[in-house]
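# Observations on the three-dimensional arrangement
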Amino acid sequence: MMRVQKRKIEGSIALTFSTLAAFLGLFWLIFILGDVLVHGVKALNLDLFINDPAPAGVEGGGLKNAFVGQLLITLFATLIGVPVGVLGGTFLAEYARGRKIARVISVLADIMVSVPSIVIGTFIYAALVKPVGHFNGWAGSLALAIIMVPVVLRTTEDMLSLVPWTLREAAFALGAPYYKVITQVVYRGAATGILTGILLSIARVAGETAPLLFTSFNNSFFSVNMNQPISSLTVTIFQYAMGPYDSWHEQAWAAAFVITIFILILTITGRLIIKWRYR
Amino acid sequence: MRKLFLLLLVFAALFPYTCADAAQTINGAGATFPYPVYSAWAYDYNKVTGVQLNYQSIGSGGGVKQISSRTVDFGASDDPMRPEDITKEKLLQFPAVIGGVVPVANLANVNPGQLKLDADTLCKIFLGDIKKWSDARVTKLNGGLKLPDSEITVVYRSDGSGTTAIFTNYLAETCPAWKEKVGAGKAVKFPVGIGGKGNEGVANYVKRTANSIGYVEFAYAKQNKLDYTQLKNKAGNFVEPGFESFSDAAETGDFDAKKGFYLWLTNAPGKQSWPIAGATFIILAKEKTDANKQTVKFFDWAFNNGDTKAKDLVYVPLPKSLKDKIRAYWKANGLQ
Amino acid sequence: MPALFCCFDINKRRTMAISFKNKNPVDVIFSLLTGLASVSVILFIIGIIYVLVSESSLAMGRFGIVKFLTSAEWNPVKEDFGALTNIYGTVLTTFLSLLFAIPVAIGIAIFVTEIAPNFLKGPIGVAIELLAAIPSIIYGMWGLFTLSPIMSNYIEPFLKKVTADIPLVNILFQGTPMGIDILTASVILSIMIIPFTASISRDSFNLTPSVVKESAYAIGATQWEVVKNVVLPYSKLGVFGGVVLSLGRALGETMAVAFVLGNNHRIATSLLDAAATITVTLANEFAEADNDVYLSSLFYLALVLFVMSFITLAVAKFFLLKAERKYSR
C-alpha cells in the first residue's frame, strides 16, 4: 500500500509541475502581450500615422515614414521571396520528387529557416550595400526575401506533397503536359496551404530587425525611394527604445503594438485557414 | 494567373516610383554627440527648402567608416581624423559645432550639478579602483552630500564613439594610470561596467540603473534631466557644464584649415573652461562633388540661421572667425 | 536535360514516364525555372560562406583560426581581436536559457498531450504558437522596460541574499543587480525558445501509439509513470531534436538579447555581469567599425556564428529525421 501511495504522490507532484509549466507559458504570453497592449494603446494616436518624426527630444511627431517603409520593404521582400519559394517548392515536390537532390535541398532549407538573421544582414551588406555605395531599401527587402524563401519553399513542398498523386494521373491521362498539371491542378489543390505558408512567412519577416540594421538602415524622413536608406518600424523601435527620451519610448511602444497586432493577425489567420481546410 | 498578372502590373507601376528621387535627400551618418542639433537643423531646413537631410546617429566610428567606404554623403565624427588619414582616404573635414561631454550619475537625493569630481576620482571610478560611492576619495570632494554606501555601476559606450574619444582623451591626458591601462580612442576596452549603444543608450542605461555613472554629451544629460556633475578644471576651479564653460574652452582653440581643423579642446587652460569639451566634425568624400555642394549648402545655412537652435540645445556655435575660415576652406575646395 | 530533372521513384509507387516522352518546351522551361528557384537555397548558402570567408580573410590572416577563437581580447584601439568573449557570451546565455526553458517546455508538452481537459488543449496550444510568433524585438523591448526593473529590484537582490552564504554559488551572483546582465538576457531568451521546444515535444509525444500507453495503464501504471516510462522514452529522439533546434535558434537570436545584455567584452563569472554575444556585437558594432581589421574581424565573427549554428541545426535535423523515420515505421 505504501508503495502505491508513494507512486501516486510522485505522480501528482510531477503532473502539478507540468500544469504549472503550462500556466507559466500562458502567464508570459499574457504578461508580454498585456504590457504591449497597455503601453501601446496609451501611446496610439492619429499623429503617429500621419506625421513624420520630430527632431530628437522634441515632443510630438509620428512614424509615418516607418510604417510606409516597413510596408514597402516587406512588400518587395514578399514579391521576391514568394515566387522563388513557391517555384522551388514545386521543383522539390514535383520534378524532383523522391530524388536525392530534393531531400538535400529540403534539409538545407530547413536549416536556412533557422540561420541567424543577422548573418544574412552582414552577407547582404557585403554583397549589396558596399558595392552600390550606400544603404538602400532593396538590400533590406532582399535580406528579408532570403529569410522568406526557405520558409515558403518548405511549406509549398509539404502542401504539394499532400495533393493526391491520382489527381495528377487523371490530368496526365487527359494529355496535359506536366507544367499545366502543376499550375492548373496541383496548385489549385494546394492553394490554401500555400497561402497559409505565405502568410506565416510574411509574419516571420515583418518582425525581423537584425537583417535590416545594415541594409535598409534608417531614415528620419518620409521616403519611398528604395534606392536610398528607408525607415522601418523594427529598426525605429530599436533606436527609440534604446534612446533616452520618454516621447521616443511611447512611440516605440505604439509601434510595437501595431507590429505585434499585425503579426498576430497574420498568424491567427494562417492557423485558422489550416484548421478550417485540413481538419 | 490573372491575379498574378495584376500583381505584376502593380509591381511595375510601383517600380519607377520607388526609384525616383521624390525629394532631394542628403544622407549623413556618424556621431551621436551632435545628433540633437543636426536633427533640429535638418527639421527646419526641410521646412525651408524641402531638402531632406537624413542624419543617422550610428557613432563616430561608423561615420568615419561609412564615409571612407562611401556609403553615405557625409560622415560625422567627434574624433577628428588626423591630417595624414584625411589625405590618404581622400576626404575633407571641418568642424560644425562645439559641445561638452559630461559625467552623469544616477543617485537618489542628488540634484544635477551637485556632485563634484576631479580628474583623478573620475579616472579611478572608471578604472574600477573606486568601487563605492561612499569611498573617502569621493566623499572628500563632496562635503555636504549624502552619498549611498552602494557599488558604482559604470556605463560606457559600446560602439565606436567620438564622445568616448573626447572622454578618454581627457582621462589619458590627466590620469597616467588610464593612459597606461586603457588608452584613448573611439572604442577602448573599458575595465568595468556595462556598455550602452550611442549617447542615447548610455543616457538610457544611466537613467534606468540606480547608483550608476556614465558620460554623455551635455544635451542628452539636460534633456533627460540626468544628474550631471561638476568637474575641477586645469585652472583648479570647479566648473558646472553649460554654455559659458563650453564657450570658454572653445575660445582657447586654434583651428587650422591646413590640418583639416584637427584639434582637441580637452583640459583647456581657461579659468572657467569645461575640461571635457570638443568640436564635432563633418567629413566629406572629395570626389562626391554634387553631394558635397548640397551638404555644404546645408551647413552654410545652419551657420547663418542655426545658432539659436544650437544654443537652445546647449551646443556652442562656432565663433565667427572660425566660420569664415571654414567658408574659405569650402571655396578652396570648390564646394561653394 | 528535362529528363534529368524528371522524377521516378521506385519506393513511392508512382513513376513519371509521361513527361519523359512529352518534350513540351514550356514544360522544359518551367522545370528549369523551378529547379533554379530551389537551387537558390544552395546558392544562398554558398554565397554566404563565400562572402563571409572573403570578407574575413584579412582578420583570418592576422589572427589565424585557433588564436582568434581562443583570444579573449577585443580591443579596437590596439586592433587586437579574438572571438572568445563573444563565443563565451553566446554559449553561456544559450546554455542558461535552455536550462530554464527545457523543463517548462516539456512540462507544457506533457500538460497539453496528457493532462489538459479538451477545452484547455486548444487555447494553450494557440497561446504557445502566439508566443512563438511575437517578434524578437518586442521581447527585447519588453525585457528592457518591464523585466529588467523587476529583475534588478526584486529577483536579483533576492537571489543574492539567498546564495550569499553558499560558497561557489555566491560567485554566480556577485556584483550589482542592475537588471542588464546575463541572467536577464537568458530569461528572455528562454521565454522565446519555450514555444519551439514545447511544440516539437508535443508533436513527438502525440506520436506515441495509444496502444502502448493503454497497455501500460492496463498493468496499473499511474499517469505520470506512463509519461515517464512510456511516452518520454518513446519520443526522446524527437524531443532531443527539438531541444537542439531551440539551441540553434538561441545561438542566433539578436534583438531579444541586444537590449539587456550590456555589451561587455569580458569573461564574466557572475550572472549579474554584462556580457556580449556574437549577435549583439554584430548588431552594435558592425555599422560602426572604423577600420578594415575591425570590420573584417566582425565578418569573421559572423562566419563563426554561421558555422556554429549551421552545425547545430544540422545535428537537430539529423535527430528529427531519425525520429521521423522511427515513427513512420
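Residues numbered from 1 in each chain as written. Chains lettered and ligands numbered in written order. Predicted model: local features only at pLDDT ≥ 70, side-chain atom pairs only at ≥ 80, totals over all residues. Heavy atoms only, no water.

## A few points about the overall build of chain C
For chain C, the count of helices and strands is 14 helices and two strands. Counting across all 329 residues of chain C, residues that qualify as buried make up 58%. When contacts within chain C are restricted to residue pairs at least 6 apart in sequence, long-range pairs at least 24 apart make up 73% of them. Per element, the accessible surface of chain C, about 13,100 Å² overall, is 69% carbon and sulfur. Chain C carries 22 positive and 21 negative side-chain charges, and their two centres are separated by 14 Å. (Helix = DSSP H or I, 4+ residues; strand = E, 2+ residues; numbered from the N terminus. Buried < 20%, exposed > 50% of the residue type's maximum accessible area, 1.4 Å probe, protein only. Contact = heavy atoms within 4.5 Å. Areas by Shrake-Rupley, 256 points an atom, 1.4 Å probe, with all protein chains shown as cover. Lys, Arg positive; Asp, Glu negative; His and termini not counted. Charge placed at Lys NZ, Arg CZ, Asp CG, Glu CD.)

## Some details on the overall build of chain B
For chain B, the helix and strand inventory stands at 14 helices and twelve strands. A compact globule built from 336 residues would reach a C-alpha radius of gyration of about 20 Å, and chain B, at 22 Å, matches this within 12%. The C-alpha extent of chain B, read off along each of the three principal axes, is 75 × 55 × 35 Å. Taken over 336 residues, chain B has a buried fraction of 62%. (Rg over C-alpha atoms; globule rule 2.2 N^0.38 Å.)

## Description of the nonpolar core
Within the largest apolar cluster, 300 residues are counted, with the highest numbers of intra-cluster contacts made by B:Leu122, B:Phe126, B:Trp178 and B:Phe299. Ranked by residues supplied to this core, first place goes to helix 8 (residues 178–206) of chain A with 14 residues. Looking at which domains feed residues into this core, each of domain 1 (20–99 + 252–264 + 277–332) and domain 2 (101–250) of chain B supplies at least three. For B:Phe126, the residues in contact, after removing those within four places along its chain, are B:Val154, B:Val155, B:Phe167, B:Trp178, B:Phe190, B:Pro191, B:Val192, B:Ile213, B:Gly214 and B:Tyr215. Counting residues in each nonpolar core, the second largest holds 14 residues, with C:Ile106, C:Phe205, C:Val227 and C:Val230 among its members. (Core = buried A, V, L, I, M, F, W, Y, C linked by side-chain atoms within 4.5 Å. Domains from an automatic or database assignment.)

## Remarks on the environment of A:Val205
Residue and element names in this part refer to chain A. Position of Val205 relative to the elements: it lies in helix 8. We classify Val205 as buried; its relative accessible area is 0%. When the C-alpha positions of Val205 and Met148 are compared, they lie 6.8 Å apart, and in sequence the two are 57 residues distant. Excluding residues that lie within four positions of it along the chain, Val205 makes contacts with Thr74, Leu144, Ile147 and Met148.

## A look at the sheet that holds strand 10 (residues 230–232) of chain B
Residues and elements named next belong to chain B. Across the sheet, which stays open at both edges, the three strands sit in the order 5-10-11 with mixed pairing between neighbours. One side of each edge strand has no neighbouring strand; the edge strands of this open sheet are strand 5 (116–117) and strand 11 (238–239). Note: strand 5 against strand 10, two bridges, orientation parallel. Directly across from Leu117, in strand 10, lies its bridge partner Leu231. (Pairing = 2+ DSSP bridges.)

## Comments concerning the packing of aromatic side chains
Under the criterion given, the structure shown has 53 aromatic pairs over all chains. Relative to C:Phe259, the ring of A:Phe238 has its centre 5.3 Å away and its plane inclined at 85°; by these criteria the two rings are edge-to-face. Of this pair, A:Phe238 sits in helix 10 (residues 233–242) while C:Phe259 sits in the loop between helix 12 (255–258) and helix 13 (278–285), on two different chains. With relative accessibility at 4%, the residue A:Phe238 sits in the buried group. Using a relative accessible area of 0% as the deciding quantity, one classes C:Phe259 as buried. Here C:Trp74 and C:Tyr294 contribute two aromatic rings whose centre-to-centre distance is 6.3 Å and whose plane-to-plane angle is 70°, an arrangement assigned as edge-to-face. Here the residue C:Trp74 occupies a position in strand 1 (residues 74–75), and C:Tyr294 occupies one in helix 14 (residues 292–328), the gap between them amounting to 220 residues. Accessibility classification places C:Trp74 together with C:Tyr294 in one group, the buried group. One cation-aromatic arrangement involves B:Lys65 over C:Phe286; the distance from NZ or CZ to the ring centre is 5.2 Å. (Phe/Tyr/Trp six-rings, centres within 6.5 Å; stacked < 30°, edge-to-face > 60°. Lys NZ or Arg CZ within 6 Å of the ring centre and 35° of its normal.)

## A look at the pattern of salt bridges
Residue and element names in this part refer to chain B. Evaluated as defined, the whole model comprises 26 salt bridges over all chains. Put simply, Lys288 and Asp73 hold a salt bridge, and the shortest N to O gap is 3.6 Å. With Lys288 in the loop between strand 12 (277–285) and helix 12 (289–305) and Asp73 in the loop between helix 3 (60–68) and strand 3 (74–77), this residue pair connects regions lying 215 residues apart in the sequence. Owing to a relative accessible area of 14%, Asp73 belongs among the buried residues under this scheme. (Salt bridge = Lys/Arg side-chain N within 4 Å of Asp/Glu carboxyl O.)

## As for the interface of chain A and chain B
Facing the 37 residues of chain A at the interface are 41 residues of chain B. Summed over both sides, the interface of chain A with chain B buries roughly 3,100 Å², with 60% coming from carbon and sulfur. The largest share of the area that chain A buries against chain B comes from A:Phe221, A:Met242 and A:Pro244, three residues that together contribute 20% of it. Linking chain A to chain B there are one salt bridge. At the junction of chain A with chain B, the criterion picks out nine residue pairs in polar contact (both at pLDDT 80 or more). (Buried area = accessible area lost by both parts, 1.4 Å probe. Polar contact = N/O pair within 3.5 Å; in protein donor to acceptor, adjacent residues only side chain to side chain.)

## Some details on the interface of chain A and chain C
One frequently used descriptor of interface size is the decrease in accessible area upon assembly of the parts. Each side of the interface is counted separately: chain A has 85 residues, and chain C has 88 residues. Here chain A packs against chain C, burying approximately 7,900 Å² in sum over the two surfaces, 79% of which is carbon and sulfur. Taken together, chain A and chain C are joined by five salt bridges. Notably, a salt bridge pairs C:Glu55 with A:Lys130, separated by 3.3 Å at the nearest N-O pair. Across the contact surface, chain A and chain C share 13 residue pairs in polar contact (both at pLDDT 80 or more).

## Observations concerning the side chain of B:Ser60
Structurally, the position occupied by B:Ser60 is in helix 3. Once residues within four sequence positions are removed from consideration, B:Ser60 is found in contact with B:Gly30, B:Ala31, B:Ala76, B:Ser77, B:Asp78, B:Asp79, B:Gly160, B:Ser161, B:Gly162 and B:Lys186.

## With respect to the domain arrangement of chain B
Residues and elements named next belong to chain B. Looking at the assigned domains, one finds that chain B contains domain 1 (20–99 + 252–264 + 277–332) and domain 2 (101–250). Between the C-alpha centres of domain 1 and domain 2 the distance comes to 27 Å. Across the contact, 24 residues belong to domain 1 and 27 residues belong to domain 2. When domain 1 packs against domain 2, close to 2,100 Å² is buried across both sides, 63% of that on carbon and sulfur atoms. Among the ionic pairs, Asp79 bridges to Lys186, the shortest N-O distance being 3.2 Å.

## What to know about the packing of helix 3 (residues 64–95) of chain A against helix 6 (residues 137–162) of chain A
Residues and elements named next belong to chain A. Viewed as axis vectors pointing N to C, helix 3 and helix 6 meet at an angle of 35°, and their least axial separation amounts to 6 Å. Handedness of the helix 3/helix 6 crossing: right-handed. Of the residues assigned to the contact of helix 3 with helix 6, the class counts are 19 nonpolar, ten polar and two charged. (Axes fitted to C-alpha atoms, helices over the stretch in contact; angles between N-to-C directions. Left-handed = near helix turned anticlockwise from the far one by under 90°. Nonpolar A, V, L, I, M, F, W, Y, C, P; charged D, E, K, R; others polar.)

## Focus on helix 5 (residues 117–132) of chain A
Residues and elements named next belong to chain A. An ideal rise of 1.5 Å per residue puts 22 Å on 16 residues; helix 5 measures up with 21 Å between its terminal C-alpha atoms. Buried residues of helix 5: Ser117, Ile118, Val119, Ile120, Gly121, Thr122, Phe123, Ile124, Tyr125, Ala126 and Val129, and no others. The first or second residue beyond helix 5 is Gly133, which carries a positive phi of 100°. (Expected span 1.5 Å × (residues − 1).)

## Some thoughts on a positive patch on the surface
There is a patch of like positive charges on the surface, built from A:Lys100, A:Arg103, C:Lys322 and C:Arg325. Listed by contribution, the elements that provide at least two residues to the positive patch are helix 4 (100–114) of chain A together with helix 14 of chain C. Residue placement: C:Arg325 occurs in helix 14. (Patch = residues over 30% accessible without salt bridge, like charges linked within 9 Å, V, L, I, M, F, W, Y side chains within 5 Å.)

## As for the confidence of the model for chain C
All names here are of chain C. Considering every residue of chain C, the mean pLDDT works out to 86; 92% of them sit at 70 or more. Within chain C, the lowest mean pLDDT, 36, falls on helix 1 (residues 2–5), and the highest, 94, falls on helix 4 (residues 66–70). Here residues 1–21 scores under 50 on pLDDT; set against residues more than four positions off or in separate chains, the count is 40 contacts. Across the assembled chains, the prediction reports ipTM 0.92 with pTM 0.86. (pLDDT = per-residue confidence, 0-100.)

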